[in-house]
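Read off the chains here:
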Amino acid sequence: MSTNHYDVIIIGSGAGGGTLALKLAPSGKKILILERGGFLPREKQNWDTTEVFVKNRYVSKDTWYDNDNKPFQPGSHYFVGGATKMYGAALFRLRKEDFTAHKTADGVTPNWPISYDELEPYYTQAEKLYNVHGQRGDDPTDPPASAPYPFPPVSHEPRIQELTDNLKRAGYHPSFAPTGILLNEADAPKSKCIRCDTCDGFPCLVHAKSDAEVIAVRPALQYPNVTLLTNAHVQRLETSASGNEISKVIVERDGQREEFSGDLVVVSCGAANSARLLLMSANDKHPRGLANGSDMVGRHYMFHNSVALVALSRRENETVFQKTLTVNDFYLHAPDYEFPLGNIQMIGKSKGPMFQADAPSFAPSWTLDQMAKHAVDFWLTGEDLPLPQNRVTLNSQNEIQLHYEFTNQEPINRLRKKLQSMLEHLDLHPHLIPNNLYLGKHIPVAGVGHQSGTCRFGTDPKTSVLDVNCKAHELDNLYVVDTSFFPSIGAVNPSLTAIANALRVGDHLLQRLK
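Because the structure is a prediction, the values reported are computed rather than measured. (Residues numbered from 1 in each chain as written. Predicted model: local features only at pLDDT ≥ 70, side-chain atom pairs only at ≥ 80, totals over all residues. Heavy atoms only, no water.)

(A) Up close: the pattern of salt bridges. For the coordinates displayed, the defined rule picks out 31 salt bridges. Two residues, Glu-127 and Arg-136, come together in a salt bridge whose shortest N-O distance is 2.6 Å. Residue class for Glu-127 comes out buried when judged on its relative accessible area of 1%. A salt bridge links Arg-315 to Asp-427; the nearest nitrogen and oxygen atoms lie 2.6 Å apart. Of this pair, Arg-315 sits in the loop between strand E14 (305-312) and strand E15 (325-327) while Asp-427 sits in the loop between helix H8 (409-423) and strand E20 (433-434), and the two are 112 residues apart along the sequence. You can call Arg-315 partly exposed: its relative accessible area is 34%. (Salt bridge = Lys/Arg side-chain N within 4 Å of Asp/Glu carboxyl O. Buried < 20%, exposed > 50% of the residue type's maximum accessible area, 1.4 Å probe, protein only. Helix = DSSP H or I, 4+ residues; strand = E, 2+ residues; numbered from the N terminus.)

This is the structure:
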């Protein structure tokens, strides 16, 4: 065997790949993690709103193309830890109902090939591994769980506690948002997390956010059998003559071509880039791309109907760590509407520079900083449908072309109206301002933080790319372990489901490696 041969090669180090590496590390098997980026630099600019949100300091230089072939810069981040370096660490379980077919405003979602109950033990493991703070039972849509949250909920600051109390008085069911941070409120001097105002959408300078680098990759590298190569951009996967297995992984690293081989190869590049790699690796045996006999690779792209909104408090909102509250009263339906509307949660506290593009006309005398001081920030998420025509394809340069049409728009508009009607109970001005900069995008399809669905798993090779263990139907040693496997997306952040699934697939791979 060459020195470039490994038992397992994992391409990508985010919520899927990073978690899987840690799960497999104790096996003693020789594991290689290939990450196209480097470590995100620890520098003062990590916490600089203008650098992060206005200048896009950490956003990739990728160019993707939309339906009309217009170029755009996606809000992608290529670092050890993947997209979790910048996420808000909102670690929700999908609701039990998300796993079964249900009607939405624009059509029916598909059944998942596994049930919530099959994933539940892994959700519990994922919450423990990623230090999730939360409280069961407040949220009427909470799915059943086999254990309490491993850490108490992140407490509400006074203004958010007031919102909570007022919402309860008005008959709603606000609950604590499940959050992955290394916070110890009972012993603040020993807490890694300092509960600052630059968590959501920023990298954590003190490494106190439960991202995949901190929680999974660094601990995995403590094992002598685990190797990480950074700035290692995989160019293609080659198959054996039979076409039945991956024989070589071709990498460009620091301008040089390198080749690796692995008994098992796991693709964890994020939904769009995982599809791209499989499509780029087409050969005589797989003319449409690897694992793509079904023509399903790249199809069913989803990324949620999301809106970031700002309400203005009549008095200053002195909250620092704001992302502690969520409302799921309309997740499954509303009293006046039979279809699911989605999730309402708080997001990180906005800052003046974020309003440059959206300064509202109704408050011309307000300065941006004054607005930020009065801002109470919300994030609405609605389900989008997995349409086959919503897909990642490649242009002649092998660049991503994203064909996307919006679905299920009425529910997110209704959810916005529900939030609007709550404002009168909350001592907030009766207006909601869009915060487009928080979404990291000036055009809607560029917000790729919740991308999923491009290599869906299922039992029928004609309608899916992966089997229930996330192995490609058509290749014996190829797995895809990131958000690509989702058949539908629900209306909560997908990270915890990606982490739980990585732990589930990890158990299957450990059996195989025996």
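(B) Up close: the packing of aromatic side chains. In this structure the tally under the stated criterion is 19 aromatic pairs. Aromatic pair Trp-112 and Phe-485: ring centres 5.7 Å apart, planes at 85°, arrangement edge-to-face. Of the two residues, Trp-112 is situated in the loop between strand E6 (107-108) and helix H3 (116-129) and Phe-485 in the loop between strand E21 (478-480) and helix H9 (495-513); the sequence distance between them amounts to 373 residues. Judged by relative accessible area, Phe-485 falls into the buried class, the value being 1%. (Phe/Tyr/Trp six-rings, centres within 6.5 Å; stacked < 30°, edge-to-face > 60°.)

(C) How the structure looks around the pairing of E14. For E14, the tally of buried residues reaches eight of eight residues, placing the bulk of the element in the interior. Residues Asn-305, Val-307, Leu-309 and Ala-311 of E14 are buried on one face, and the alternating residues Ser-306, Ala-308, Val-310 and Leu-312, pointing to the opposite face, are buried as well. The pairing of E14 with strand E17 (residues 375-382) spans eight bridges and is antiparallel. Directly across from Leu-312, in E17, lies its bridge partner Ala-375. In this structure, E14 lies alongside E20, joined through two bridges in antiparallel fashion. If you follow Leu-309 over to E20, its bridge partner there is Pro-434. (Pairing = 2+ DSSP bridges.)

(D) Seen up close, the packing of H3 against H9. Closest axis-to-axis distance for the H3/H9 pair is 8 Å, and the angle between their directions is 110°. As far as their axial angle goes, H9 and H3 are roughly perpendicular. With respect to the hand of their crossing, H3 and H9 are arranged in right-handed fashion. Residue-level contacts link Leu-119, Tyr-122, Tyr-123, Gln-125, Ala-126, Glu-127 and Leu-129 of H3 to Leu-496, Thr-497, Ile-499, Ala-500, Asn-501, Leu-503, Arg-504 and Asp-507 of H9. Residue composition of the contact of H3 with H9, by class: nine nonpolar, three polar and three charged. (Axes fitted to C-alpha atoms, helices over the stretch in contact; angles between N-to-C directions. Parallel < 35°, antiparallel > 145°, perpendicular 65-115°, else oblique. Left-handed = near helix turned anticlockwise from the far one by under 90°. Contact = heavy atoms within 4.5 Å. Nonpolar A, V, L, I, M, F, W, Y, C, P; charged D, E, K, R; others polar.)

(E) Representation of empty space enclosed by the protein in the model. Scanning the model with the defined rule gives seven cavities of 30 Å³ or more in all. Approximately 90 Å³ is the volume found for the largest cavity. Residue lining of the largest cavity: Trp-47, Ile-181, Cys-193, Ile-194, Cys-196, Thr-198, Cys-199, Cys-204, Val-206, Ala-208, Lys-209 and Phe-321, and that is the complete set. The residue makeup of the lining of the largest cavity, split by class, is ten nonpolar, one polar and one charged. Computed from the structure, the second largest cavity encloses a volume of approximately 70 Å³. Contributing to the lining of the second largest cavity are Phe-92, Arg-95, Gln-135, Asp-139, Asp-142, Tyr-149, Ser-175, Phe-176, Pro-178 and Thr-326. Classifying every residue of the lining of the second largest cavity by side-chain character gives four nonpolar, three polar and three charged. (1 Å grid on protein atoms, 1.4 Å probe; cavity = no way out; pocket = protein on both sides within 12 Å on 5 of 7 lines; lining within 4 Å. Points joined across faces, edges and corners; volume = space filled by probe spheres on them.)

(F) Seen up close, the side chain of His-286. Looking at the element boundaries, His-286 is found in the loop between helix H6 (271-280) and E14. Exposure remark for His-286: the relative accessible area of 7% places this residue in the buried category. Reaching out from His-286, the side chain makes a polar contact with the backbone oxygen of Gly-243 at a distance of 2.7 Å. Once you skip the residues sitting within four places of it in the chain, His-286 turns out to touch Thr-239, Gly-243, Ala-291, Glu-474 and Leu-475. (Polar contact = N/O pair within 3.5 Å; in protein donor to acceptor, adjacent residues only side chain to side chain.)

(G) Representation of unusual backbone geometry. The backbone phi angle of Asn-69 is positive, close to 70°, even though this residue is not glycine. Judged by its relative accessible area of 46%, Asn-69 is partly exposed. The phi angle at His-207 is positive, at roughly 55°, despite the residue not being glycine. Position of His-207 among the secondary structure elements: in the loop between strand E9 (179-180) and helix H5 (212-220).

(H) Summary view of the pairing of strand E2 (residues 31-34). Of the two faces of E2, the one holding Ile-31 and Ile-33 and the one holding Leu-32 and Leu-34 are both buried throughout. Of the strand pairs in this sheet, strand E1 (residues 5-11) and E2 are connected by four bridges, and their pairing is parallel. Within E2, the residue paired with Ile-10 across the bridge is Ile-33. As judged from the four bridges shared by E2 and strand E10 (residues 226-229), these two strands associate in the parallel manner. Paired with Leu-34 across the bridge in E10 is Leu-229.

Remember, this is a structural readout, not a statement about activity or role.
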